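In case you want the letters, here they are:
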Amino acid sequence: MKHALEMGIALLVSAIIGGAALAQEGDARAGLTLAQDTCAACHAIRRGQQSTNASAPAFDKIANVPGMTAIALQASLQTSHRSMPNLILSTEDRRNVAAYILSLKAN
Ligand code: HEC
C-alpha cells in the first residue's frame with residue numbers, strides 16, 4: 001500500500017515536471033503551421049527567403065540575432081507589433097511560433 005502511494009506520487013511529480021518542460025519548449029511544427037497562416041503574409045518564414053513586406057524581418061534573421069531566446073521572442077510577440085496592432089496570439093501560439101523561429105538558428 002505504502003509503495004503504491006509512493007509510486008503514485010513519483011509518477012505525478014514526473015508528469016508535472018515533464019509537462020512543464022514540454023509546455024515551455026513549444027511545438028515548432030505547430031509554430032510553422034501558425035506562421036504559414038498568420039505571419040507569411042509579411043515575413044519570410046523559411047530560411048533564405050525574402051520577406052514579402054520589406055520592413056518585416058525574415059524569421060531566420062530574427063532567429064540569428066545574437067542572444068535571441070524563446071523568452072525574448074515570446075515577450076516581443078506579447079507587445080503589439082507596431083505595424084500590426086491586431087496581431088494577438090495565445091500564450092501557446094506565441095510559444096510554438098517562438099520555438100519554430102528558433103529552429104531556424106544557424107549552427
Ligand atoms: C502585416 C504584416 C505582418 C504580419 C502578418 C506579421 N508581421 Fe511581424 N513584423 C512586421 C513588421 C513590418 C515588423 C517590423 C516592424 C515592427 O515591429 O512592427 C515585424 C516585426 C516582427 C518581429 C520583431 C519584433 C521586434 O521586436 O523586433 C517579430 C518577432 C515578428 N514580427 C513576428 C511575427 C510573427 C510570429 C507573426 C505571425 C504570428 C508576424 N510577425 C506577423 C509585419 C508583420
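Quick summary incoming for the structure in this document. Residue positions are counted from 1 within each chain, in the order its sequence is given. In view of the model being predicted, local features appear only for residues whose pLDDT reaches at least 70, and side-chain atom pairs are presented and counted only at 80 or more, with totals across whole chains, interfaces and linings using the full set of residues. Each side-chain value is derived from all of the structure's non-hydrogen atoms; neither hydrogens nor water enter the calculation.

**Considering the nonpolar core**
This is how the line gets drawn: What we call a nonpolar core is a set of buried Ala, Val, Leu, Ile, Met, Phe, Trp, Tyr and Cys residues that are connected through their side-chain atoms within 4.5 Å. The classification of residues rests on relative accessible area computed with a 1.4 Å probe and restricted to protein chains. Under 20% of the type maximum is buried, over 50% is exposed, and intermediate values are partly exposed. The numbering of helices and of strands both runs from the N terminus, where a helix is a DSSP run of H or I of at least 4 residues and a strand a run of E of at least 2.
Among the nonpolar cores identified, the biggest contains 19 residues, and Ala-35, Ile-45, Phe-59, Leu-73, Val-97 and Tyr-100 are the most heavily contacted of them. Every element with two or more residues in this core is listed here: α2 (28–39), α3 (59–63), α4 (70–78) and α5 (91–102).

**Concerning the packing of α4 against α5**
Worth spelling out the cut-off: Here, axes are lines fitted to C-alpha atoms. For helices the fit covers the stretch in contact, and angles between N-to-C directions go from 0 to 180 degrees. Angles below 35 degrees are treated as roughly parallel, those above 145 as roughly antiparallel, those between 65 and 115 as roughly perpendicular, and all remaining angles as oblique. Throughout, a crossing is termed right-handed when the near helix is turned clockwise from the far one, and left-handed when it is turned anticlockwise from it by less than a right angle. Any two residues having at least one pair of non-hydrogen atoms within 4.5 Å are treated as being in contact. Any residue that is not Ala, Val, Leu, Ile, Met, Phe, Trp, Tyr, Cys, Pro, Asp, Glu, Lys or Arg is counted as polar, Gly included; the first ten are nonpolar and the last four charged.
Running from N to C, α4 and α5 cross one another at 130°; their axes reach a closest spacing of 9 Å. Looking at the two axes, α4 sits oblique to α5. Classified by chirality, the crossing of α5 by α4 is right-handed. Judged by residue contacts, Ala-70, Leu-73, Gln-74, Leu-77 and Gln-78 of α4 engage Arg-94, Arg-95, Val-97, Ala-98, Ile-101 and Leu-102 from α5. The residue inventory of the contact of α4 with α5, partitioned by class, reads seven nonpolar, two polar and two charged.

**A look at the environment of Arg-95**
By the element assignment, Arg-95 lies in helix α5. The spacing of Arg-95 and Ala-28 is 67 residues in sequence and 8.7 Å in space, taken between C-alpha atoms.

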